[in-house]
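Working through the structure, step by step
Listed here are the chains, written in short residue letters.
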Amino acid sequence: MITPPAAISLAQVSPGKRARVEAVQGGRGLVTRLAAFGIIPGTVVTVLGNAGAGPVILEARGSRLALGRGQAARIVVQVVAEEGSA
Amino acid sequence: MNSGRPTAAKTIRVALAGNPNVGKSTIFNILTGLHQHVGNWPGKTVEKKEGTCRLDDYTLECVDLPGTYSLTAHSAEEVVARDYIVQERPDVVVVIVDVSSIERNFYLVAQVLELTDRVVIALNMMDLAGVKGYRIFPERLQVALGVPVVPMVARRAEGCRELLQAIVEVATGQRVTSPRPIHYRRAESTLAALREVLAGRALAGYPPEWVALKMLEGDEEIERLEERALDAETRERAHQILRQHERGPAVVADARYAWIEEVLNAGMERPARSVITFTDRIDHVVTHRFLGLPILLGVFVAAFWLTFKASFPLSHVLDASFARLGEWTANALAAGPTWLASLLTEGVIPGVGGVLTFLPIILIFFLFLGVLEDSGYMARAAFVMDRIMHAMGLHGKAFLSLLVGYGCNVPGIMATRILETERDRLLAILVNPLIPCAARIGVVAFFVGAFFPPGLRTPVMASLYALSLAMVILAGFLLRQIALRGEQAPFMMELPLYRTPSLRNLAMFTGWRLLAFLKKAGTVILGVSVLIWLLSSFPVGTDLPQTYLGRLGFWLEPAGRLLGLDWRTSVALVTGFAAKETSLATLAVLYHAEGQSLAEALRHAMTPLVALVFIVVQLLYIPCLATVAVMRSETNSWKWTALGVLYPLVLAGGLGLLIFHTGHALGLG
């Protein structure tokens, strides 16, 4: 068995989970625009809504935003283990 | 240029900056009141608002910069905002901050402080801090930032006097600002090297430190500036430095957020994990994957239904008043020249009056939209609609412009300004005229009322709305495939906290949209009413079919006959180009018969099939004159405007043919 890679895209994170941004795979345009919404490598975001299709709702730096699925798919993240759980 | 502070001068130039939806316009309106001027930034379809206010002996000239999340060069708004700060050098820049999203809002604060140190921070929406579990200490923030910080609740006009005071103190130098420096850490050496290369070069007024920073961020405008301002050797040296720094934009952003973290840690207390708010609970339901769309449909069906219910009696009163005004005018002018009485009672009063009877519908509809916008629901509606809007090649944000179009297409097209890319704006502008505005629905409802039994009217109206929406999606899809290809703009939208709408904001939202409609009634429609009256009155002494209007009808008849329409309905469609509601007035003139209402006359003159053809054609066929004018000014292109006029004509004609001939073949006509 191959262990699945720990890094997934933000579009694959289910609601209620927290994830740390590892990288943004996109041009400078996408990188700077996401930065204006507080999403840069290192930011921990909480996914609030992800229906498996359509935009993703997330909270980043205390504000909530809707992000198109295409953009969410370009954000590489690592799910953060909840404190208290195993 | 001399950067000394004006001590003797009594005029202070102030620029208001801030993210979208932070209450910037509210503050601007409170400060300047009626002393304001709204126009466009030169060469841009970005609104420019200027106004003045006074404090003691000082006159403050305020400019409301467009709402932006950052000062990169990704949109016209961002370029306008930063060029104003750099080139016009306002005495003070006020950055307005929504404290419920303080961390993200401070990203703009950091960027403004990179450009100027004469800054005042307005901490707006202080009443929402508690909702998020924040404790904010403005004095501590002020110390940490090194510039004045003023807590405000703009909706209740709290803190305005203090804000003005702080502006004057900074402008006059009574208060010296020394902003906390941002350390770009890993990029510091690169920036120093770039600054050295740029030193002594003319950079169109931009400070070299800032140009170095923007080069590192890969700013497109600055790249163009480099090409103009720097010689090949200097550029090569700069690019050599930049090549050693791959992740420029991320490093700069990281430094700004680290700076924000320091400032906020000093000036506020935040809960370790965000608190579950009222907003979370509502969002859980209204953005639900299955419930979201039915809720949205319910909200808008209710809004439409209530609009028509509530406005009907008001429209009726207005209608009756104009009829009485007509009679009164006729009596008053009985002794005067007949042409004047005729012009007023048969041209101007029914023409303009007919339009003004739509005022209540539009007013109430925009009030509903205003409530949905100001409460925060509209952003959720855009979220829910995003997938459907994708079918027409747009994203969720374009939804609001379509909705406004249901009131009137003129403000609807202006509402496309919130879209970021030129392509998205063009597409949203081009499909907007297919949205049936209140005026068109008025004409359609009259025909449906005349030709369909009461039980069928609501389903027929609902199908017509659905038909027009299907056409919007089809047109959007085709335009995207044929004329406006290219990558779709990313969808990123803030979801603000829910809140009770404020009366002031409602008045603003409704007021200026209503104004756009009234302007149209007072200019275009007045003119066309007179024109139609002229055409239907001359040559003097002839019967209607011999007048110019009648002759126009005979010219059009062959085209109309393809759709089963007679010359009178064809003329009504032509006059409807001036303003959709004029169609009814024209029909009333052309079908005028003693002792018969217009509905009766129409039932005698056409079959239900032909009526249906007319309804569908009139629903879609052409944007009205005022809409064409706004399409031209917003696209800045005759080519796109022509396309926007012609393709609905083809679409409506095609659908009309289809319905007429199918109906005929089925033996309905």
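Residues numbered from 1 in each chain as written. Chains lettered and ligands numbered in written order. Predicted model: local features only at pLDDT ≥ 70, side-chain atom pairs only at ≥ 80, totals over all residues.

1. Thoughts on the overall build of chain B
- Helix and strand content of chain B: 28 helices and ten strands.
- Its C-alpha radius of gyration of 29 Å places chain B within 12% of the 26 Å reference for a compact globule of 669 residues.
- Intrachain contacts of chain B at a sequence separation of at least 6 include 72% that bridge at least 24 residues. (Helix = DSSP H or I, 4+ residues; strand = E, 2+ residues; numbered from the N terminus. Rg over C-alpha atoms; globule rule 2.2 N^0.38 Å. Contact = placed C-beta atoms within 7 Å.)

2. Quick notes on the overall build of chain A
- A count of helices and strands for chain A gives two helices and six strands.
- Ordered by position in the sequence, the α and β elements of chain A form the string β-β-α-β-β-β-α-β.
- In chain A, which comprises 86 residues, the proportion classed as buried is 50%.
- Expressed as a percentage of contacts within chain A between residues at least 6 apart in sequence, the contacts between residues at least 24 apart total 56%. (Buried ≥ 20, exposed ≤ 12 C-beta atoms within 10 Å, placed from the backbone.)

3. Things to note about helix α2 (residues 76-88) of chain B
All names here are of chain B.
- Taking 1.5 Å per residue as the helical rise, α2 with its 13 residues ought to reach 18 Å, and the 17 Å between its terminal C-alpha atoms agrees with that figure.
- Among all positions of α2, only Glu77, Glu78, Val79, Val80, Ala81, Arg82 and Ile85 are buried.
- Those residues of α2 that are buried lie in contact with β1 (11-18), β5 (92-98) and α8 (220-229). (Expected span 1.5 Å × (residues − 1).)

4. Considerations on the interface of chain A and chain B
- Contact with chain A, which involves 30 residues of that partner, is made by 30 residues of chain B.
- Of all elements in the fold, only α1 (28-36), β4 (56-60), β5 (63-67) and α2 (69-72) of chain A reach the threshold of two or more residues within the side of chain A that touches chain B.
- The greatest single-element share of the side of chain A that touches chain B, amounting to eight residues, is contributed by α1 of chain A.
- Partitioned by chemical class, the residues of the side of chain A that touches chain B number 14 nonpolar, eleven polar and five charged. (Nonpolar A, V, L, I, M, F, W, Y, C, P; charged D, E, K, R; others polar.)

5. Here's the deal with helix α26 (residues 608-620) of chain B
Residues and elements named next belong to chain B.
- An ideal rise of 1.5 Å per residue puts 18 Å on 13 residues; α26 measures up with 19 Å between its terminal C-alpha atoms.
- Burial in α26 covers these residues: Val610, Ala611, Leu612, Val613, Phe614, Ile615, Val616, Val617, Gln618, Leu619 and Leu620.
- As for α26, its buried residues are in contact with α19 (438-451), α20 (454-482), α23 (567-576), α24 (582-590) and α28 (638-665).

6. Comments concerning the pairing of strand β2 (residues 36-40) of chain B
Residue and element names in this part refer to chain B.
- Of all five residues in β2, zero are buried; the element is thus mostly exposed.
- Bridge count between β2 and strand β3 (residues 47-55): five bridges; the pairing is antiparallel. Of the residues in β3, the one forming a bridge with Asn40 is Glu47. (Pairing = 2+ DSSP bridges.)

7. Quick look at the sheet that holds β1 of chain B
Residues and elements named next belong to chain B.
- What the seven strands build is an open sheet, ordered β2-β3-β4-β1-β5-β6-β8; its pairing is mixed. Bordering the open sheet on either side are β2 and β8 (149-151), each of which pairs with just one other strand. On average, each strand axis in the sheet is inclined to that of its neighbour by 25 degrees, with strand direction left out of account.
- Together, β1, β5 and β6 (119-124) form the strand contacts of helix α3 (residues 102-113), whose direction differs from that of β5 by roughly 165 degrees. (Axes fitted to C-alpha atoms, helices over the stretch in contact; angles between N-to-C directions.)

8. Section: the environment of Leu403 of chain B
Residue and element names in this part refer to chain B.
- In this structure, Leu403 sits in helix α16 (residues 399-407).
- Residue Leu403 is classed as buried on the basis of its C-beta count, with 23 C-beta atoms lying within 10 Å.
- Taking the C-alpha atoms as reference points, Leu403 and Phe365, 38 residues apart in sequence, are found 9.9 Å from one another.

9. Things to note about the confidence of the model for chain B
Residue and element names in this part refer to chain B.
- With 97% of its residues at a pLDDT of 70 or more, chain B shows a mean pLDDT of 88.
- In the predicted structure, residues 1-8 sits below a pLDDT of 50 and forms seven contacts with residues beyond four places in sequence or in another chain.
- For this predicted complex, the interface confidence comes out at an ipTM of 0.91, alongside a pTM of 0.86. (pLDDT = per-residue confidence, 0-100.)

10. Let's talk about the sheet that holds strand β2 (residues 18-24) of chain A
- Pairing is antiparallel across the open sheet formed by seven strands, whose spatial order is β1(A)-β6(A)-β2(A)-β3(A)-β4(A)-β5(A)-β10(B). Every interior strand has two partners, whereas the edge strands, β1 (7-9) of chain A together with β10 (492-494) of chain B, have only one. For this sheet, the mean inter-axis angle between neighbouring strands, taken without regard to orientation, is 40 degrees.

11. Structural notes on the nonpolar core
Residue and element names in this part refer to chain B.
- Formed by 212 residues in total, the largest nonpolar core has its most connected members in Val94, Val95, Val97, Val120, Ile121, Ala122 and Ile167.
- The element that contributes the greatest number of residues to this core is α26, accounting for ten residues.
- What Ile167 contacts, discounting residues up to four positions off in sequence, is Ile12, Val14, Leu60, Val92, Val94 and Val120. (Core = buried A, V, L, I, M, F, W, Y, C linked by C-beta atoms within 7 Å.)

12. Some details on the packing of helix α4 (residues 138-145) of chain B against helix α10 (residues 248-267) of chain B
Residue and element names in this part refer to chain B.
- At their nearest, the axes of α4 and α10 sit 7 Å apart, and the two run at 145 degrees to each other. The way α4 lies across α10 gives a crossing that is right-handed. Contacts from Arg140, Leu141, Ala144 and Leu145 in α4 reach Val263, Ala266 and Gly267 in α10. (Left-handed = near helix turned anticlockwise from the far one by under 90°.)

13. Overview of the domain arrangement of chain B
Residues and elements named next belong to chain B.
- Along its sequence, chain B is organised into domain 1 (11-172), domain 2 (185-269), domain 3 (295-489) and domain 4 (524-665).
- Here the C-alpha centroids of domain 1 and domain 2 sit 25 Å apart.
- If you look at the interface, domain 1 gives 20 residues, while domain 2 gives 17 residues.
- Those elements giving two or more residues to the side of domain 1 that touches domain 2 turn out to be α2, α3, β7 (135-136) and α4.
- Here the side of domain 1 that touches domain 2 takes five residues from α3, the largest share from any one element.
- In the side of domain 1 that touches domain 2, the residues fall into 14 nonpolar, two polar and four charged. (Domains from an automatic or database assignment.)

14. Re the environment of Val410 of chain B
All names here are of chain B.
- Considering the arrangement of structural elements, one finds Val410 in helix α17 (residues 409-414).
- The class of Val410 is buried, set by 26 C-beta atoms lying within 10 Å.
- Taking C-alpha positions, Val410 is 18 Å from Phe368, a pair spaced 42 residues apart along the chain.

15. Quick notes on the pairing of β6 of chain B
All names here are of chain B.
- Counting buried positions along β6 gives six out of six residues, so the element sits mostly inside the fold.
- Neither face of β6 is open: one carries Val119, Ile121 and Leu123, the other Val120, Ala122 and Asn124, and all of them are buried.
- Two strands pair when backbone bridges link them, and β5 and β6 are joined in this way by six bridges, in the parallel orientation. Within β6, the residue paired with Ile96 across the bridge is Ala122.

16. Remarks on the environment of Tyr647 of chain B
All names here are of chain B.
- By the secondary structure assignment, Tyr647 is in helix α28.
- In this structure Tyr647 comes out as partly exposed when scored by C-beta crowding, with 19 C-beta atoms within 10 Å.
- As for Tyr647 and Glu327, which are separated by 320 residues in sequence, their C-alpha atoms are 42 Å apart.

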